[in-house]
Amino acid sequence: MPAQGKHRRPKSTSLGRGLAAVTTGGAVLALPVIGATSAFAAPAPAAAPQAVAPAAAGATANSAAKAAPAKHSVVAGETLSKIAREHSVSGGWKKLYEGNRKIVGSNPDLIHPGIKLVIGAKSSASSDDKASKASPSAARGASADRADRSERVNAAPVAKAAPAAEKQAVAYTNDLDGWIRESLAIMAEQGIPGTYEGIHRNIMRESSGNPNAINNWDSNAVKGTPSKGLLQVIDPTFQAYHVPGTSTDSYDPVANITAACNYAADRYGSIDNVFGAY
C-alpha cells in the first residue's frame, strides 16, 4: 500500500491562492485566480428597466391623451367668450381666438355655425413662426394649405344660406293666425320683441281681428288721423315705425302688426306690456 503522504495536496498560502504573479518585461500583473469557491456579485438583471419601461410609456400615453386638444363645433348664437367660459379656457376668448385665428378669420366677433374650433390649440402666431423656419417648399405647401382652408371657410356662409331661403319660402295662412306668425318671423329678424299671446290679446281688444277696422269717432279721428287696422295705428305712427320689407299700406295686416309692435317696443319695451289704449 503506497504511502498516502506523497499524494496529499500541499497547502498553499492565502497569497498564493489569491494571486498569481506574471512577469513580462519587468512588469508585474496581478491576476485573480478564480477558484471553485470564489464568489462575485452578479450583475444587475437587465430585465428590470424593461419592466419599468411599459409603465412609464403608459403614463406618458395617458398624459398625452389628457393633454390632447378637444374640438368644439360652433352653433348659432355662440360667441368665443361663451365657448371659452364653457370649456374653462385659460386666457379666455383671446387665447381661444389665437389658437383658431386661421379658422375664424380676421374678425373674432364673427364666427360661423358649423366651423370646428380646437380647444387648447397653440397660438397661430407660434405655428407661423415655425412655418417660417421650414424649408421653402414646406412654406409654399403651408401657404397653399392656408389658402385652400381660407376658401373653404369663406365658402361656408354661402352653404349656410340655404336654410334662410327655405325660411323665406314658408307659406302662412291668410287669416289672423297666419298674419301674427308672419309678423313674428319678421320681428325676430329685426330684433323686435313680442309674443303671439301679447299680439293676439291686443288685436282682439283693438279691432276684434278685423284688418279693415277704423275708428272715426275718437280724438285722433277729430284731428284727421283715425286709428286703422288690426292694432289701430294712426298714419303718423305707422309711417314712423314702419318696418322695411312690409307693405306701406297701414291696413295690411302684417305691416300693421309689425309697425304697432315696433312702436310698442320703443315706448313700452314690448307689445306684451300693453294692456290698454296705447
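All of these numbers come straight from a predicted model, not from anything done at the bench.

1. A word on the overall build of the protein
Logical step 1: Secondary structure assignment for the protein yields 12 helices and 4 strands.
Logical step 2: A buried classification covers 25% of the 278 residues belonging to the protein.
Logical step 3: Across the protein, the fraction of contacts at a sequence separation of at least 24, relative to all contacts at a separation of at least 6, is 48%.
Logical step 4: Carbon together with sulfur atoms contributes 57% to the accessible area of the protein, which is approximately 18,400 Å² in total.

2. Topic: the nonpolar core
Logical step 1: Core analysis: the biggest nonpolar cluster contains 25 residues, and Ile199, Ile203, Leu231, Ile257, Cys261 and Tyr278 have the highest contact counts within it.
Logical step 2: By size, the runner-up hydrophobic cluster in this structure holds 12 residues, among which are Leu80, Val89, Leu117 and Ile119.

3. Details of the packing of aromatic side chains
Logical step 1: What the rule picks out here adds up to 2 aromatic pairs.
Logical step 2: Ring geometry for tyrosine 241 versus tyrosine 263: centroids 5.3 Å apart, planes at 70 degrees, classification edge-to-face. Here the residue tyrosine 241 occupies a position in helix 11 (residues 235-241), and tyrosine 263 occupies one in helix 12 (residues 253-268), the gap between them amounting to 22 residues.
Logical step 3: Residues tyrosine 263 and tyrosine 278 carry aromatic rings whose centres are separated by 6.0 Å and whose planes lie at 40 degrees to one another, so their mutual orientation is tilted. A residue pair is termed long-range when its members are at least 10 positions apart, and tyrosine 263 in helix 12 and tyrosine 278 in the segment after helix 12 qualify at 15 residues. Here tyrosine 263 and tyrosine 278 have matching classes, each one buried.

4. Points about helix 8 (residues 176-190)
Logical step 1: Spanning 15 residues, helix 8 covers 21 Å between terminal C-alpha atoms, matching the ideal 21 Å at 1.5 Å per step.
Logical step 2: Buried residues of helix 8: Leu176, Gly178, Trp179, Ile180, Ser183, Ala185, Ile186 and Met187, and no others.
Logical step 3: Tucked into the core, helix 8 has its buried residues touching helix 9 (196-206) and helix 12.

5. Some remarks on the side chain of histidine 72
Logical step 1: Here histidine 72 shows up in strand 3 (residues 70-73).
Logical step 2: Judged by relative accessible area, which is 13%, histidine 72 ranks as buried.
Logical step 3: At 3.2 Å, the side chain of histidine 72 forms a polar contact with the side chain of histidine 87.

6. Topic: the side chain of glutamate 78
Logical step 1: If you trace the backbone, glutamate 78 turns up in the loop between strand 3 and helix 3 (80-86).
Logical step 2: One buried charged residue, glutamate 78, remains without a salt bridge, the closest side chain of opposite sign being lysine 82 at 5.1 Å.
Logical step 3: Among the polar contacts made by the side chain of glutamate 78, one reaches the side chain of histidine 72 at a distance of 2.9 Å.
Logical step 4: Among the polar contacts listed, one links the side chain of glutamate 78 to the backbone nitrogen of valine 75, at a separation of 3.0 Å.

7. Some remarks on the packing of helix 8 against helix 9
Logical step 1: Between helix 8 and helix 9, the shortest axis-to-axis distance is 10 Å and the interhelical angle comes to 130 degrees. As far as their axial angle goes, helix 9 and helix 8 are oblique. The two elements helix 8 and helix 9 cross, and the hand of that crossing is right-handed. Together, Leu176, Asp177, Ile180, Arg181, Leu184 and Met187 of helix 8 and Tyr196, Ile199, His200, Ile203 and Met204 of helix 9 make up the contact between the two elements.
Logical step 2: Along the lines of polarity and charge, the residues of the contact of helix 8 with helix 9 split into 8 nonpolar, 1 polar and 2 charged.

Cut-offs used in this document
Residues numbered from 1 in each chain as written. Predicted model: local features only at pLDDT ≥ 70, side-chain atom pairs only at ≥ 80, totals over all residues. Heavy atoms only, no water. Helix = DSSP H or I, 4+ residues; strand = E, 2+ residues; numbered from the N terminus. Buried < 20%, exposed > 50% of the residue type's maximum accessible area, 1.4 Å probe, protein only. Contact = heavy atoms within 4.5 Å. Areas by Shrake-Rupley, 256 points an atom, 1.4 Å probe, with all protein chains shown as cover. Core = buried A, V, L, I, M, F, W, Y, C linked by side-chain atoms within 4.5 Å. Phe/Tyr/Trp six-rings, centres within 6.5 Å; stacked < 30°, edge-to-face > 60°. Expected span 1.5 Å × (residues − 1). Polar contact = N/O pair within 3.5 Å; in protein donor to acceptor, adjacent residues only side chain to side chain. Lys, Arg positive; Asp, Glu negative; His and termini not counted. Salt bridge = Lys/Arg side-chain N within 4 Å of Asp/Glu carboxyl O. Axes fitted to C-alpha atoms, helices over the stretch in contact; angles between N-to-C directions. Parallel < 35°, antiparallel > 145°, perpendicular 65-115°, else oblique. Left-handed = near helix turned anticlockwise from the far one by under 90°. Nonpolar A, V, L, I, M, F, W, Y, C, P; charged D, E, K, R; others polar.

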